[in-house]
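# Geometric and topological summary
Single-letter residue listing:
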Amino acid sequence: MATLHERGIPLSALNPKFLHTNSTSHTWPFSAIAELVDNAYDPDVQAKQFWIDWTVINNQDCLTFMDNGAGLTRNRMHKMLSFGFSDKRSAKGHVPVGLYGNGFKSGSMRLGKDVIVFSKTRDTMSVGLLSQTYLAAIRAQHIVVPIVTFRRHGQSHMEGATSLQAILKHSLFKTERELFAELRIINATGSTGTRIIIWNLQRITNGKTEFDFTTDRYDIRIWRDVCEVKQFGRSTESVPESEYSLQAYCSILYLKPRMQIIIRGRKVRTQLVSRSLAYIANDNYRPAFLSKRVRITFGYNTMSKEQYGIMMYHRNRLIKAYERVGCQRKADSRGVGVIGVIECDFLQPTHNKQDFDNTDKYRKTMYNLGVKLEEYWNEIRYKRKKEDPKCSTPIEDAVKFPDQSWVQCDNCLKWRRLPDGIDCGLLPKKWFCQMNPDPQFRSCQAEEEPEDSDEDQRSYPKPYKRQRKTSKTQIDANDGGQIFLDTVAMKPAAVGPSQCSTALDSSGSPDPGPLGCSLIDPIPLGRASKNSTGCRLPTNKMPIVNASSFSSALARVKQKLANQVPMVMPMETFALTTSSSPPLPKQLTSTRGQTGRRLTMERAKATVTIMEVEGGEEKKEQWVQLEAQQEQQDRLVELMQAASQERDLCREQVRELQKEVEELKTKCAALESIRGERTELSHRLENVEVERGALSSQCEQLKTELEDLKRELEDLREAGSRAFSPSPGEDYRLRSLRQSVGRLLVTFVPALNLDQVDYNSNIIDKILEQVLYEVT
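Along every chain, residues carry numbers that run from 1 in the direction the sequence is written. Local features in this predicted model are restricted to residues of pLDDT 70 or higher, and side-chain atom pairs are both shown and tallied only at a pLDDT of 80 or more, whereas totals for entire chains, interfaces and linings draw on every residue. Note that water and hydrogens are dropped before the side-chain values are worked out from all heavy atoms of the structure.

An unreviewed UniProt entry annotates the protein chain as CW-type domain-containing protein originating from Anguilla anguilla.

On the secondary structure map, Ser-131 appears in strand β6 (residues 124–131). Two N or O atoms count as a polar contact when they lie within 3.5 Å, although within protein this holds only if one can serve as hydrogen donor and the other as acceptor, and sequence-adjacent residues are included solely when both atoms are side-chain atoms. A distance of 2.4 Å separates the side chain of Ser-131 from the side chain of Asp-114, its partner in a polar contact. Within the structure, Ser-131 has its side chain in polar contact with the backbone nitrogen of Tyr-134 (distance 2.9 Å). Contact definition: two residues touch when any of their heavy atoms are within 4.5 Å. The residues touching Ser-131, leaving out its near neighbours within four places in the chain, are Lys-113 and Asp-114. Here a helix means four or more residues in a row that DSSP labels H or I, a strand means two or more in a row labelled E, and each is numbered from the N terminus.

Moving on, we get to the sheet that holds strand β7 (residues 147–151). Pairing is mixed in the open sheet, where 9 strands are placed in the order β8-β7-β6-β5-β9-β4-β3-β12-β13. Looking at the sheet topology across the chains shown, the edges are occupied by β8 (158–159) and β13 (266–267). One ladder, built from 7 bridges, connects strand β5 (residues 112–120) with β6; its direction is antiparallel. Note on β6: the bridge partner recorded for Val-117 is Gly-128. Where helix α3 (residues 74–81) meets the sheet, its contacts fall on β5, β6, β7 and β8, and the angle it forms with β6 comes to roughly 15°. Pairing between strands requires that DSSP locate at least two bridges from one strand to the other. Axis definition: a line fitted to C-alpha atoms, over the contacting stretch in the case of helices. Angles run 0 to 180 degrees between N-to-C directions.

Further remarks concern the sheet that holds strand β14 (residues 278–285). An order of β14-β15-β18-β16-β17 is seen for the 5 strands of this open sheet, with the pairing classed as mixed. With one partner strand each, in any of the chains shown, β14 and β17 (317–323) form the two edges of the open sheet. Put simply, the sheet's adjacent strands are angled 20° from each other on average, direction ignored. Alignment of β14 against strand β15 (residues 294–300), held across 6 bridges, turns out to be antiparallel.

Take the packing of aromatic side chains next. Whether two aromatic rings pair depends on their centres lying within 6.5 Å, for rings of Phe, Tyr and Trp, where Trp uses its six-membered ring; planes under 30 degrees apart make the pair stacked, over 60 edge-to-face, and the rest tilted. Inspection of every chain in the model, using the stated rule, returns 17 aromatic pairs. Centroid distance Phe-30 to Tyr-249: 6.0 Å. Interplanar angle 20°. Geometry classified as stacked. Here Tyr-249 lies in helix α8 (residues 246–251) and Phe-30 lies in helix α2 (residues 29–41), a separation of 219 residues in the sequence. Both rings, one in Tyr-382 and one in Tyr-464, keep their centres 5.6 Å apart while their planes meet at 50°; by these two values the pair is tilted. Linking Tyr-382 in helix α9 (residues 360–387) with Tyr-464 in helix α11 (residues 463–477), this pair joins segments that are 82 residues apart in sequence. Judged by relative accessible area, Tyr-382 falls into the partly exposed class, the value being 23%. Buried means the residue's accessible area, taken with a 1.4 Å probe over protein chains only, is under 20% of the maximum for its type, while exposed means over 50%, and partly exposed covers the values in between.

We note that Gln-46 has phi near 55°; this positive angle belongs to a residue other than glycine. Among the structural elements, Gln-46 can be located in the loop between α2 and β3 (49–57). Residue class for Gln-46 comes out partly exposed when judged on its relative accessible area of 46%. Within the chain, Arg-264 stands out as a residue other than glycine whose phi angle is a positive 50°. Take Arg-264: it is sitting in the loop between β12 (260–263) and β13.

Written out as structure tokens, the structure reads:
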């Protein structure tokens, strides 16, 4: 420590063992690879392409990573190989992913024990080594990183001769020529860039690496018995492909990808996660600790209902994938198939960028995400049931297609929205803005189309939530309203004049009717007087029910029926058809209406007869008026019944139209599929034509050479005697040429057996002439 002092204060040093300790923060190898991808994606590098591959160098399995970004100067490479340096800044709205200045060290050392970095800028070429094997060989007490730098113009000038000797001795490359060969590989991708090679890869118990390079030649996978998957009670079949396939993981690594990733020669088909869902709905979350709203996008997974949860991003980078919240954690079907997408820039990710710090903000966010997700699930089910009540197939089990189709241009890397109905899976491997059907965005110079319109920025409507809130408010608002409802509902029962005297029980009190009121007491709350027989008669203080009060009462009765609150209602009220109950048959409804009017007339006649006995002419007029109002109420009931029948008829027509629309959609999908197959066949035909032209050109060239040889032979024969024979060299050359032509002709004449051909004769010449004639 004596050599490590700053103004008399000893400096802290890093022991080489820290390289391994630091790498253990990555329990999952793909998170380590993501750290290297982030370095190329960040705005200080701004790479457009990033290559990941597997190769063998000096009998060592190696992982290689290369980008075509700005490259690293000697100073920047030293900072990248050191700990805690992170001076990245945002550029043109591009926010860097790197936070701690530790990602490259922890990621590379998690994948293997040794890493060498080649980088080229406009002026310099640098090579750096971070190797646990090297540090162990020299028995280093502190971490040292050899770095050598060459000038691109005049390579004789070099910085770090001692570092060069260390790199050549302890790396896979033993000569300067081999180092420059790796630097020249960067030239193939652009004038600048960085290439990283990692060897001494981590291995599992049986000696093989933790990566599977054989199952898919265009992918890097994790062995199923090595993959550490966070189950959370889910079955093995529900494990997302991104847990063990690097192609699948890189396709969702960024919320809005701005860089192409090529894995083992195949471009990753990146996607806009928030736009690749079905039944998309945007919601807003406004936490108390933020001054602005955070948008949450919900939708159904169109690929597999087993893969669902919340996709949580930070600064455009995926932190947690398929994180189940709220009702999704319970053992039922609620929330199955639903995916939520949120960018949580207000939360702090952990050092390995695979989780968030467990703070109060994080816990509140997770709780509210569960609430928002359950709201979306309820709203979608409510809407689907309302549109098609007869549909019994759950949404998660139905065949779904993304609401929108987006594709990225391979030239400018801008995202373009395609018209509805186009399947991105049928597009060519390379797609450019010139192929866009929309003329407004058919050029790479055109601005990128915004993902969301102004309407998408607002929260989606929630009729199910509003209905529940309204129902609860009306139930709790006024319990006293039940008294008024019962008052309006209780009307006089049918009784004749001769039944008045027998309506009393043995105790002399009126016999209660089936509705709980006195048989001859039409309004229990009205004042009444007794006659000589003991019957109570209505007085002129009775409340008169007009049309407006009846409508108000009818609305409350309808609400009570919807909430299934038991109440007392007469026959006329039962004839009402509400929007939440099925319509009654026309014959039954008509019978009930006639029965209600007949009972009303009998009650009126009985009451008029009683009042004539008592001599109440004024009361008689009031009861006639009440009878007229009753008839008006009956007419309102009939109008409501007619409206209900018309509504049911319209619903039936809507269902038929929806079925026709579904049939048209199915036919359109079939036509689009045929169109895609036709496009693919046309591309294949073009490729065949190109190959045919190339073969024709080769055939013409071989024919020309054969003619030249024939002329030479003829000249030799004319100049020599009749006994002249070609020299062994010329004869061997002609025979070799005919063998080459024969192998080429097999592609045109598959039945040609080369083993039976005499190459000393001119058989091959004649076959070639015939093939050329047919081709041309």
